[in-house]
Amino acid sequence: MYKQILVPVDLNEKGFADKAVELAVWHAKQSNAELHLLNVLPGIHMSMVSSYFPKDAAKKMKEDVSIQLNEFAAKFVDEEVVYKVHVSEGKPYVTILDYAERLGADLIVMPSHKRSKIDKVMLGSVASKVVENSPINVMVVKPQG
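Criteria and thresholds
Residues numbered from 1 in each chain as written. Predicted model: local features only at pLDDT ≥ 70, side-chain atom pairs only at ≥ 80, totals over all residues. Heavy atoms only, no water. Core = buried A, V, L, I, M, F, W, Y, C linked by side-chain atoms within 4.5 Å. Buried < 20%, exposed > 50% of the residue type's maximum accessible area, 1.4 Å probe, protein only. Helix = DSSP H or I, 4+ residues; strand = E, 2+ residues; numbered from the N terminus. Contact = heavy atoms within 4.5 Å. Phe/Tyr/Trp six-rings, centres within 6.5 Å; stacked < 30°, edge-to-face > 60°. Salt bridge = Lys/Arg side-chain N within 4 Å of Asp/Glu carboxyl O. Expected span 1.5 Å × (residues − 1). Arc of directions from axis to C-beta. Axes fitted to C-alpha atoms, helices over the stretch in contact; angles between N-to-C directions. Parallel < 35°, antiparallel > 145°, perpendicular 65-115°, else oblique. Left-handed = near helix turned anticlockwise from the far one by under 90°. Nonpolar A, V, L, I, M, F, W, Y, C, P; charged D, E, K, R; others polar. pLDDT = per-residue confidence, 0-100.

Draft legend 1. View of the nonpolar core. Counting residues in each nonpolar core, the largest one holds 24 residues, and the members touching the most others are I5, V7, V9, L35 and L37. Counting residues per element, the ones that place at least two in this core are β1 (4–8), α1 (18–31), β2 (34–41), α3 (57–76) and β4 (107–111). Ranked by residues supplied to this core, first place goes to α1 with five residues. Among residues more than four places away in sequence, those in contact with L35 are I5, V7, A24, V25, V77, V81, V82, Y83 and K84.

Draft legend 2. Highlighting the packing of aromatic side chains. Counted under the stated rule, the structure contains one aromatic pair. An angle of 40° between the planes, with centres 4.7 Å apart, marks the rings of F72 and F76 as tilted. Of this pair, F72 and F76 both sit in helix α3, four residues apart, which is roughly one turn of that helix. The exposure class assigned to F72 is buried, which follows from its relative accessible area of 11%.

Draft legend 3. Region of the structure containing the pattern of salt bridges. All chains considered together, the criterion is met by seven salt bridges. The network of salt bridges with common partners includes K29, D78 and E80.

Draft legend 4. Representation of unusual backbone geometry in the model. The backbone of N32 sits at a positive phi, close to 55°, despite the residue not being glycine. Under the relative-accessibility criterion, N32 is labelled exposed at 70%.

Draft legend 5. Region of interest: α1. Helix length check: α1 (14 residues) gives 20 Å between terminal C-alpha atoms against 20 Å at 1.5 Å per residue, within 8%. All of the buried residues along α1 are A20, V21, A24, V25, H27, A28 and S31. Here the buried residues of α1 occupy an arc of 165° about the axis, which is enough to place them on one side.

Draft legend 6. Layout of the packing of helix α4 (residues 92–103) against helix α6 (residues 126–133). The N-to-C vectors of α4 and α6 enclose an angle of 45°; their axes lie 9 Å apart at closest approach. Of the possible angle classes, the one that applies to α4 and α6 is oblique. Helix-helix and strand crossings are classified by hand; for α4 and α6 the assignment is right-handed. Contacts between α4 and α6 involve P92, Y93, I96 and L97 from the former and V126, K129, V130 and N133 from the latter. Per-class residue counts for the contact of α4 with α6 are six nonpolar, one polar and one charged.

Draft legend 7. Expanded view of the confidence of the model for the protein chain. This prediction gives the protein chain a mean pLDDT of 86; 82% of its residues lie at or above 70. Taken element by element, the predicted model of the protein chain shows its lowest mean pLDDT in helix α5 (residues 117–123) (47) and its highest in β1 (97). Counting contacts from residues 120–124, a segment whose pLDDT is below 50, to residues more than four positions away or on other chains yields four contacts.

Draft legend 8. Highlighting the environment of I5. Its place among the elements puts I5 in strand β1. Residue I5 is classed as buried on the basis of its relative accessible area, which comes to 0%. Residues I5 and V25 lie 20 residues apart in sequence; the distance between their C-alpha atoms is 9.0 Å. Ignoring sequence-local partners within four residues, the contact set of I5 consists of A24, H27, A28, A33, E34, L35, H36, L107 and V109.

In structure tokens:
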């Protein structure tokens, strides 16, 4: 049974993570597991990037995203499920794997975009990189429709 379940949530994609969270909540209930919702921001602290933003921009962005992620959780996570929200920044797949290790996660539930074969070759996908590099189980949830 699972004890710590990590769900990466992209708040920019409305309706994208809902199904993954729904499945993660179900698994959390079955296992009495703790649920962790993670949003990964782009690396604004990189020197080249940070010079274009005011000094407190990253802090403000994290605070705003944390509020949005808490609102998302309140809407999609049942009251009986213990959960935490996390906001971090960096390369998405690396940050997801890092959080999974830090939290002692034993399952990652990942939403995955529908992509054409050419997109996968050109861009790669966060979900496929997590699956390739994760030492723990990864459930990939495809969009419906």
